[in-house]
Number of protein chains: 2
Amino acid sequence: MENKELFSSYKDYVNKEISVKGWIKKSRESKNVGFLEINDGTFFENVQIIVNSNLENFKEIFSLGLYAAVEVTGVLVEPENAKQDFEIQANKISIINNSTKDYPLQNKRHTFEYLRTLPHLRMRTNAFNAVFRVRSELAYAIHKFFNERGFLYVHTPIITASDAEGAGEMFRVTTLDLNNLPKDDQGKVDNSKDFFGAESNLTVSGQLEAEGFVMAYSKVYTFGPTFRAENSNTPRHAAEFWMMEPEIAYCELKDVMNLAEDMVKYIVKHVLDKLPEEMKLFDSFVEKGLIDRLTKLVNSEFKHVTYTEAIDLLEKSGKKFEYPVEWGSDLQTEHERYLSEEVFNGPVFVTDYPKDFKSFYMKLNDDGKTVQAMDMLVPGVGELIGGSQREDNADKLLQMMEEKGIKKEDYEWYTNLRRFGGVPHGGFGLGFERMVMYVTGMKNIRDVIPYPRTVNSMKHS
Amino acid sequence: MENKELFSSYKDYVNKEISVKGWIKKSRESKNVGFLEINDGTFFENVQIIVNSNLENFKEIFSLGLYAAVEVTGVLVEPENAKQDFEIQANKISIINNSTKDYPLQNKRHTFEYLRTLPHLRMRTNAFNAVFRVRSELAYAIHKFFNERGFLYVHTPIITASDAEGAGEMFRVTTLDLNNLPKDDQGKVDNSKDFFGAESNLTVSGQLEAEGFVMAYSKVYTFGPTFRAENSNTPRHAAEFWMMEPEIAYCELKDVMNLAEDMVKYIVKHVLDKLPEEMKLFDSFVEKGLIDRLTKLVNSEFKHVTYTEAIDLLEKSGKKFEYPVEWGSDLQTEHERYLSEEVFNGPVFVTDYPKDFKSFYMKLNDDGKTVQAMDMLVPGVGELIGGSQREDNADKLLQMMEEKGIKKEDYEWYTNLRRFGGVPHGGFGLGFERMVMYVTGMKNIRDVIPYPRTVNSMKHS
């Protein structure tokens, strides 16, 4: 019987013989009795096994290495004065496989730094086990939320010729032999000889392609890997990460914000409901008060403020910031956290940013200076989500491309979406790892990605 | 009101005034009355609009281009002797956006070939609209199936140093300037100067990394993009496609086959239940008898046969095949289809293939010649799924790597999974596009991928 099933239905098995399998997470032997905690990974809590020393392979069992795998047959009992609800008195223990002496995880707390060197093993420890369970349930909650609301899930391409919003460095994808490159007349690399017949890169966003789909389905979302070749060795940067980008049509910016608010509440609530044991671990050992903070978020009403009002509030605050506050400059994390933590005491949307530091596809306001952008700021983190109404007027879009130095000819298909029945639409992007960090309290992006890819980090696992 | 909501609840609105938005899919004008069919993409069927010629902007409405977007306010009525259940008698029509004269989709049937040149628009046509709706629901059904069964969803890395099973050509990922490559002492490209400090590639499979996770959770699956740089311009090859790979522990090969059977039935049934209108289109216009074939699959019990028995059946069949039938050679599609269509008249698992043409990680049988591999063959297609029990003995795994010329030092972490409490485990892979093709009857992989990536195909959309 799987551990998860056992924990949910152990009452049916009291004083009955059952069989369970699992890896040995703890092992303790005393004179006449031994104790094992085993876990098959289907549920967070370990199953307690009591082993009487007269069991025929008692000595062998307690000489097994940590994480050896066993199958236990025994009687389930409800102990008095024990912290666990049930335990199993072993009648028979079969060894499925031992673990060798050089097994690198011992029964003590290892640092996250050390565990980062073992991406193929660290999910066997409690904290990482819980992180990746939360990651899995958050991903599922996203799919469930959008499917229930009739959104189409679209797999936008990973390999792309476009550089999306001109956002940051990209990874080149090639099948050319770097030690024997084909050259053109000018002695430059002949990209027409490459696999796709042109230079191609890894995507930084699926938004533009999703905008094609939203003009056929009205409600779509992407959820897949995206890439940035930024040479930044920080706790917040990874070269490969997952993004979720919904897009809706026949809408205004307020609809985009309502969608973002509903989605965040839905997926956080899903994890709180579904994984109470895991969330308790984070609340106890990673970030005190985490569950309160998330519960408050689920029950709060998100606030709204324009960028211009926000600058005013920051200027009047009298607080000394590291980065100066000035209309026309982007908000820094310290400003964002001050707004959500001190001013609004909860999540807040900041809207209508100056066009100068925002993307070319955002809808221009009538003032000609600001665009219909929105960022969702949350306590403890700052920006969690960024989105906008999209420019749906082809001429204004071309004008903004011109201003921002974007090659119009590369985006003809995109501009044409406005000419062929283009309707008001908008959407947002959620960096999925940022969400996992927000929900778990983990502070390093490397610790929420199964096998993280960061600068100078390539290993075989 | 969205079209989908309208279709499911129109009875509540009979003789009432409502508002709907949508793109004009059809437009027909006669003397005193005009007809529009509009659709906002939330539901497959169009909404019928009756426009009396005394409407003030009647002429303007019927001079709009195809796919112009409008908002209609009018009274919902149940017509007699009409094929649709309801229609709307317009009181007011506002134009949201027109479509220009050069809109490339006209109200006639375009060829799939022509539509492939318009990946940003083709989902506006009925067939492609239905294909991508099926794709979306199949993806959701996969997540739902595995989540309900307690599987962990793991995002295995896209950029990788390993070449997985040595399977086929890979795409190189680099940030090196190809026109100015750093060289080492021997004049070769210095890969240590690349972004990750080593040569890196796009993944061909997440299985090996998922095996790390299954040793912590017992039940996991991956679902994400994978890549093959195969220079094959066929209807079945794409350079970028999605793979779904579950992995289970404490299991035998029969458990892996049961899982595959349950999953295929579940996701096909999900689509049949959820998208009857779309499936009817495929049944009528793409593959006659499709719904019958799929319904039969859902209700059938899958058969089992060993490779050795299958070869025997093929040899005895008296049928003339293009490729010779011989113990030791892989089965070709013609053999696979013959087995599932003629011999078993339904889905069949072929198991225990010769080790020579199977992957190094498959568990060796006691005969020393065959491995515990399985392929699921289905009528009309041949192989839909391939999987295996994994070799869980470190020494036998190393021996097989030796035989197959796999660099052991690259897979030390993988071999160690066997040494550190490795338990019997197995899994399978489903090429997601193949599943979409199977369920829709579409015959070209380019027609089931939103923006397909094939050799020499890079476009800006």
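Residues numbered from 1 in each chain as written. Chains lettered and ligands numbered in written order. Predicted model: local features only at pLDDT ≥ 70, side-chain atom pairs only at ≥ 80, totals over all residues. Heavy atoms only, no water.

The name an unreviewed UniProt entry assigns to chain A is Asparagine--tRNA ligase, from the organism Helcococcus kunzii ATCC 51366. What UniProt records for chain A under Catalytic activity (unreviewed entry) is the sentence "tRNA(Asn) + L-asparagine + ATP = L-asparaginyl-tRNA(Asn) + AMP + diphosphate + H(+)". Note on chain A: under the UniProt heading Sequence similarities (unreviewed entry), the record states "Belongs to the class-II aminoacyl-tRNA synthetase family." (UniProt positions renumbered as here; feature names shortened; annotations may be inferred.)

### Details of the confidence of the model for chain A
When pLDDT is averaged across chain A, the result is 95; 98% of the residues are at 70 or more. Scored by ipTM, the complex comes to 0.96, with pTM at 0.97. (pLDDT = per-residue confidence, 0-100.)

### Observations concerning the interface of chain A and chain B
Listed per partner, the contact involves 110 residues of chain A and 111 residues of chain B. Here chain A packs against chain B, burying approximately 9500 Å² in sum over the two surfaces, 61% of which is carbon and sulfur. Taken together, chain A and chain B are joined by four salt bridges. At the boundary of chain A with chain B, the tally comes to 45 residue pairs in polar contact (both at pLDDT 80 or more). Ranked by residue count, the leading element in the side of chain A that touches chain B is helix α4 (residues 126-148) of chain A, at 12 residues. Considered class by class, the residues forming the side of chain A that touches chain B number 53 nonpolar, 33 polar and 24 charged. (Contact = heavy atoms within 4.5 Å. Buried area = accessible area lost by both parts, 1.4 Å probe. Salt bridge = Lys/Arg side-chain N within 4 Å of Asp/Glu carboxyl O. Polar contact = N/O pair within 3.5 Å; in protein donor to acceptor, adjacent residues only side chain to side chain. Helix = DSSP H or I, 4+ residues; strand = E, 2+ residues; numbered from the N terminus. Nonpolar A, V, L, I, M, F, W, Y, C, P; charged D, E, K, R; others polar.)

### A short note on the sheet that holds strand β7 (residues 159-160) of chain B
One open sheet accounts for six strands, arranged β7(A)-β9(A)-β8(A)-β8(B)-β9(B)-β7(B); its pairing is antiparallel. If you trace the sheet from one side to the other, it starts and ends with β7 (159-160) of chain A together with β7 of chain B, each paired once. Of the pairings in the sheet, the one linking β7(B) to strand β9 (residues 200-202) of chain B comprises two bridges and is antiparallel in character. What sits directly across from B:Ile159, in β9(B), is B:Leu202. (Pairing = 2+ DSSP bridges.)

### Quick look at helix α8 (residues 290-299) of chain A
Residues and elements named next belong to chain A. The complete set of buried residues in α8 reads Leu290, Arg293, Leu294, Leu297 and Val298. Mapping the buried residues of α8 onto a view down its axis gives an arc of 135°, with all of them on the same face. For α8, exposure combined with an orientation more than 90 degrees from the buried face picks out Asp292 and Asn299. (Buried < 20%, exposed > 50% of the residue type's maximum accessible area, 1.4 Å probe, protein only. Arc of directions from axis to C-beta.)

### Examining the relation of the copies chain A and chain B
Mapping chain A onto chain B calls for a rotation angle of 180° and an axial translation of 0.0 Å; the resulting RMSD is 0.0 Å. What we have between these two chains is a two-fold relation. When C-alpha positions in chain A are compared against the rotation axis, the closest is assigned to A:Val173, at 2.4 Å. Residue by residue, 100% of the interface of chain A is reproduced at the interface of chain B, so both copies engage with the same surface. (Least-squares fit on C-alpha atoms with pLDDT ≥ 70 in both.)

### Digging into the environment of B:Leu55
Residues and elements named next belong to chain B. Mapped onto the elements of the fold, leucine 55 is located in the loop between β3 (47-52) and α2 (58-61). Classification of leucine 55 by relative accessible area gives buried; the value is 10%. Along the chain, leucine 55 and glutamate 80 lie 25 residues apart, while their C-alpha atoms are 23 Å from each other. Not counting the four nearest positions on each side in its chain, leucine 55 is found in contact with Ala90, Asn91, Lys92 and Ile93.

### Regarding the side chain of B:Gln389
Here B:Gln389 is to be found in strand β15 (residues 382-389). When sequence neighbours within four positions are dropped, the list of residues in contact with B:Gln389 reads B:Cys251, B:Glu252, B:Leu253, B:Val256, B:Tyr361, B:Met362, B:Lys363, B:Gln372, B:Pro424, B:His425 and B:Gly426.

### A word on the side chain of B:Ser300
All names here are of chain B. Secondary-structure assignment places serine 300 in the loop between α8 (290-299) and β12 (303-306). At 2.9 Å, the side chain of serine 300 forms a polar contact with the backbone oxygen of leucine 297. The residues contacting serine 300, other than those within four sequence positions of it, are Glu261, Lys265 and Pro347.

### Some thoughts on the domain arrangement of chain A
All names here are of chain A. Segmenting chain A into domains produces domain 1 (3-97) and domain 2 (124-168 + 204-447). If you look at the interface, domain 1 gives seven residues, while domain 2 gives eight residues. With both sides pooled, the region where domain 1 packs onto domain 2 buries about 670 Å², and carbon together with sulfur makes up 55% of that total. Across the domain 1-domain 2 interface, the total number found is zero salt bridges. Across the domain 1-domain 2 interface, the total number found is two residue pairs in polar contact (both at pLDDT 80 or more). Across the side of domain 1 that touches domain 2, the residue classes break down as three nonpolar, two polar and two charged. (Domains from an automatic or database assignment.)

### Considering unusual backbone geometry
Backbone geometry at A:Asn345 places phi at a positive 50°, although glycine is not the residue there. When you line up the elements, A:Asn345 lands in the loop between α10 (333-343) and β13 (348-354). Although it is not a glycine, B:Asp352 adopts a positive phi angle of roughly 60°. Within the element layout of this structure, B:Asp352 appears in strand β13 (residues 348-354).

### Looking at the sheet that holds β12(B)
To summarise the sheet geometry, strands pair through backbone hydrogen bonds and adopt either a parallel or an antiparallel arrangement. What the eight strands build is an open sheet, ordered β6-β10-β11-β16-β15-β14-β13-β12 (chain B); its pairing is mixed. Looking at which strands have only one partner, the edges of the open sheet turn out to be β6 (152-153) and β12 of chain B.

### Side note on the pattern of salt bridges
Where charged atoms from two side chains of opposite charge come close, those side chains can pair. According to the stated counting rule, one finds 49 salt bridges over all chains in the structure shown. We note a salt bridge from B:Lys11 to B:Glu78, for which the minimum N-O separation is 3.0 Å. Pair noted here: B:Lys11 is in the loop between α1 (3-9) and β1 (17-29) and B:Glu78 is in the loop between β4 (69-77) and β5 (87-97), with a separation of 67 residues, a long-range link. Under the relative-accessibility criterion, B:Lys11 is labelled exposed at 55%. Judged by its relative accessible area of 37%, B:Glu78 falls in the partly exposed class. Sharing partners across several salt bridges, the network here consists of A:Arg116, A:Arg122 and A:Asp447.

### Comments concerning the pairing of β13(A)
Residue and element names in this part refer to chain A. For β13, a buried count of seven out of seven residues is recorded, marking the element as mostly surrounded by other parts of the structure. Here four bridges tie strand β12 (residues 303-306) to β13, and the two strands are oriented parallel to one another. Bridged to valine 305 within β13 is valine 350. The pairing of β13 with strand β14 (residues 370-378) spans six bridges and is classified as antiparallel. In the sheet register, tyrosine 353 faces β14, and the bridge partner there is valine 371.

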